[in-house]
Amino acid sequence: MQPPRPKIFCIALLVALSSVITAAHNRDSVFIESQCRLIGQHRWQEKPFPIVVAMTAQLFSGKPYAGGTLDSSVVEKCRFTSDGFDCVTLVESALALSRCIKQNQCDFSHFIAELEFIRYRNGRCDGYASRLHYTSDWINDNQRKGVLVNITRELGGVSIRKPINFMSTHPTLYPQLRDSSVLVRSIAAIERRLSRQPITIIPRTKIKAALDRIHSGDIIAFATTKDGLDYAHLGIALRTGGQLGLIHASSKTGTVTYEPRITDYLDSFSSASGISVLRPLDPTQRPAKSR
């Protein structure tokens, strides 16, 4: 008696999916390893860390814009794909690779470890709610870990308070939240905590006065007027020819691209209420506080 066809089909499907996942993993590791070889040949690790961050961000130029790459499975794990980036995954990937470069540990396994350390609360992936979904949470946690320092206030920033609740009030927009009231409650608890904490931004009317003190390699977070959200975009500053530009994953152009004048970009970003400026810290000079 022959086994039922559905079982054969399911086994074949699982094998096919496993092959696809393995191929994708290999492609991603090859991408990172190839960048590591290039970087090693040019001895980037000897350069000042902010310059390393700015140069590393440029390695992703031309890559497609891709949203939702972290939500491809209900099981939370530290994911990386070289096939495309949104604004957050670009900044996280450039920062993680830069930290590997500076520590002379530039390979795929160390890159994933650094990515997890940056992306998750206390540096450890422990389910969907441990991911730093809100940029204000991401900033605060990475400042505690010694990954970066928020220099917004010294550039003329002011403190504001805003209710944060977008995820819990729009659960259908997030695959993991659609059918999980438990997760929605966990996210809502995080939002309540964030809502009690002030956010420091340079209002858009004062940004031009601060531009000269923003360095290549600084992370720029764009605060938003949208209800329930703290920030709407991230990018990495790059100064060329005396002008301050922005490397970012743009949904408008569909690629990782370079905006030569950040002021022009702000003019087109009507919902931006201001910016926060975050300076990455050299991991060889200031050890991360927890692993």
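To be clear, the structure that these remarks concern was listed above.
Residues numbered from 1 in each chain as written. Predicted model: local features only at pLDDT ≥ 70, side-chain atom pairs only at ≥ 80, totals over all residues. Heavy atoms only, no water.

**Topic: the packing of aromatic side chains**
Turning to step 1, where the next piece is worked out: Counted by the stated rule, this structure contains 8 aromatic pairs.
Turning to step 2, where the next piece is worked out: On the basis of an interplanar angle of 55° and a centroid distance of 5.8 Å, the ring pair of phenylalanine 31 and phenylalanine 60 is categorised as tilted. A residue pair is termed long-range when its members are at least 10 positions apart, and phenylalanine 31 in helix 1 (residues 5-41) and phenylalanine 60 in the loop between helix 2 (49-58) and helix 3 (87-102) qualify at 29 residues. Residue phenylalanine 31 shares its accessibility class with phenylalanine 60, and that shared class is buried.
Turning to step 3, where the next piece is worked out: Residues phenylalanine 222 and tyrosine 265 carry aromatic rings whose centres are separated by 5.4 Å and whose planes lie at 75° to one another, so their mutual orientation is edge-to-face. Note that phenylalanine 222 is positioned in strand 4 (residues 219-224) and tyrosine 265 in helix 9 (residues 262-267), a separation of 43 residues in sequence. Accessibility classification places phenylalanine 222 together with tyrosine 265 in one group, the buried group.
Turning to step 4, where the next piece is worked out: Ring pairs connect the aromatic residues Phe31, Phe60, Phe80, Phe85, Phe108 and Phe111, which therefore count as one cluster.
Turning to step 5, where the next piece is worked out: Over the aromatic face of phenylalanine 31 sits the side chain of lysine 63, whose NZ or CZ is 4.5 Å from the ring centroid.
Turning to step 6, where the next piece is worked out: Positioned above the aromatic ring of phenylalanine 117, the side-chain terminus of lysine 145 is 5.1 Å from the ring centre. (Phe/Tyr/Trp six-rings, centres within 6.5 Å; stacked < 30°, edge-to-face > 60°. Helix = DSSP H or I, 4+ residues; strand = E, 2+ residues; numbered from the N terminus. Buried < 20%, exposed > 50% of the residue type's maximum accessible area, 1.4 Å probe, protein only. Lys NZ or Arg CZ within 6 Å of the ring centre and 35° of its normal.)

**Side note on the pairing of strand 7 (residues 255-259)**
Turning to step 1, where the next piece is worked out: Bridge count for strand 6 (residues 243-250) against strand 7 is 5 bridges, and the pairing is antiparallel. Directly across from alanine 249, in strand 7, lies its bridge partner valine 256.
Turning to step 2, where the next piece is worked out: Counting the residues that bridge the hairpin from strand 6 to strand 7 gives 4 residues, and of these glycine 254 lies at a positive phi of roughly 80°. (Pairing = 2+ DSSP bridges.)

**Observations concerning helix 7 (residues 181-195)**
Turning to step 1, where the next piece is worked out: Relative to the 21 Å expected for 15 residues at 1.5 Å per residue, helix 7 spans 21 Å between its end C-alpha atoms, a close match to the ideal helical length.
Turning to step 2, where the next piece is worked out: For helix 7, every residue scored as buried is listed here: Val184, Ile187, Ala188, Ile190, Glu191 and Leu194. An end-on view of helix 7 places all buried positions within 165° of arc, on one side of the element. Counted as exposed and oriented over 90 degrees from the buried face of helix 7: Val182, Arg185 and Arg192.
Turning to step 3, where the next piece is worked out: Where helix 7 is buried, its residues contact helix 5 (135-144) and helix 6 (166-169). (Expected span 1.5 Å × (residues − 1). Arc of directions from axis to C-beta. Contact = heavy atoms within 4.5 Å.)

**Some points on the packing of helix 2 against helix 3**
Turning to step 1, where the next piece is worked out: Interaxial distance between helix 2 and helix 3 falls to 9 Å at its minimum, and their mutual angle equals 130°. Here helix 3 runs oblique to helix 2, going by the angle between their axes. In terms of crossing hand, the pair formed by helix 2 and helix 3 is right-handed. Packed against helix 2, whose contacting residues are Phe49, Val52, Val53, Thr56 and Ala57, the element helix 3 presents Ala94, Leu95, Leu97, Ser98, Arg99, Ile101 and Lys102 at the interface.
Turning to step 2, where the next piece is worked out: Here the residues of the contact of helix 2 with helix 3 are counted per class, giving 8 nonpolar, 2 polar and 2 charged. (Axes fitted to C-alpha atoms, helices over the stretch in contact; angles between N-to-C directions. Parallel < 35°, antiparallel > 145°, perpendicular 65-115°, else oblique. Left-handed = near helix turned anticlockwise from the far one by under 90°. Nonpolar A, V, L, I, M, F, W, Y, C, P; charged D, E, K, R; others polar.)

**Here we look at the layout of surface pockets**
Turning to step 1, where the next piece is worked out: Within this model, the largest pocket holds a volume of roughly 950 Å³.
Turning to step 2, where the next piece is worked out: Lining the largest pocket are 36 residues, and of these Asp86, Cys87, Val88, His133 and Tyr174 sit closest to its centre.
Turning to step 3, where the next piece is worked out: Taken together, the elements giving at least two residues each to the lining of the largest pocket come down to helix 3, helix 5, helix 6, strand 5 (231-240) and strand 6.
Turning to step 4, where the next piece is worked out: Its residues assigned to classes, the lining of the largest pocket shows 20 nonpolar, 9 polar and 7 charged. (1 Å grid on protein atoms, 1.4 Å probe; cavity = no way out; pocket = protein on both sides within 12 Å on 5 of 7 lines; lining within 4 Å. Points joined across faces, edges and corners; volume = space filled by probe spheres on them.)

**Describing helix 4 (residues 108-119)**
Turning to step 1, where the next piece is worked out: With 12 residues, helix 4 ought to run about 16 Å at 1.5 Å a step, and its terminal C-alpha atoms sit 16 Å apart, in line with that.
Turning to step 2, where the next piece is worked out: Among the residues of helix 4, Phe108, Phe111, Ile112, Glu114, Leu115, Phe117, Ile118 and Arg119 are the ones counted as buried.

**Considerations on the nonpolar core**
Turning to step 1, where the next piece is worked out: Of all hydrophobic cores here, the largest spans 50 residues; its most connected members are Phe60, Phe80, Leu97, Phe111 and Trp138.
Turning to step 2, where the next piece is worked out: Of all the elements, helix 3 adds the most residues to this core, at 9 residues.
Turning to step 3, where the next piece is worked out: Within the second largest apolar cluster, 19 residues are counted, among which are Leu155, Ile220, Ile275 and Val277. (Core = buried A, V, L, I, M, F, W, Y, C linked by side-chain atoms within 4.5 Å.)

**Structural notes on the state of the cysteines**
Turning to step 1, where the next piece is worked out: Scanning the entire structure with this criterion turns up 1 disulfide.
Turning to step 2, where the next piece is worked out: At a sulfur-sulfur separation of 2.2 Å, the disulfide partner of cysteine 36 is cysteine 106. In this structure, the disulfide formed by cysteine 36 and cysteine 106 twists by about -75° around the S-S bond and is classed as left-handed. Taken together, the residues cysteine 36 in helix 1 and cysteine 106 in the loop between helix 3 and helix 4 connect sequence positions 70 residues apart.
Turning to step 3, where the next piece is worked out: Cysteine 36 sits in the buried class, given a relative accessible area of 9%.
Turning to step 4, where the next piece is worked out: Exposure remark for cysteine 106: the relative accessible area of 23% places this residue in the partly exposed category.
Turning to step 5, where the next piece is worked out: For cysteine 78, which is in no disulfide, the shortest distance to another cysteine sulfur is to cysteine 125 and amounts to 6.8 Å.
Turning to step 6, where the next piece is worked out: Given the relative accessible area of 14%, cysteine 78 is considered buried.
Turning to step 7, where the next piece is worked out: The exposure class of cysteine 125 is buried, given its relative accessible area of 19%. (Disulfide = S-S within 2.5 Å.)

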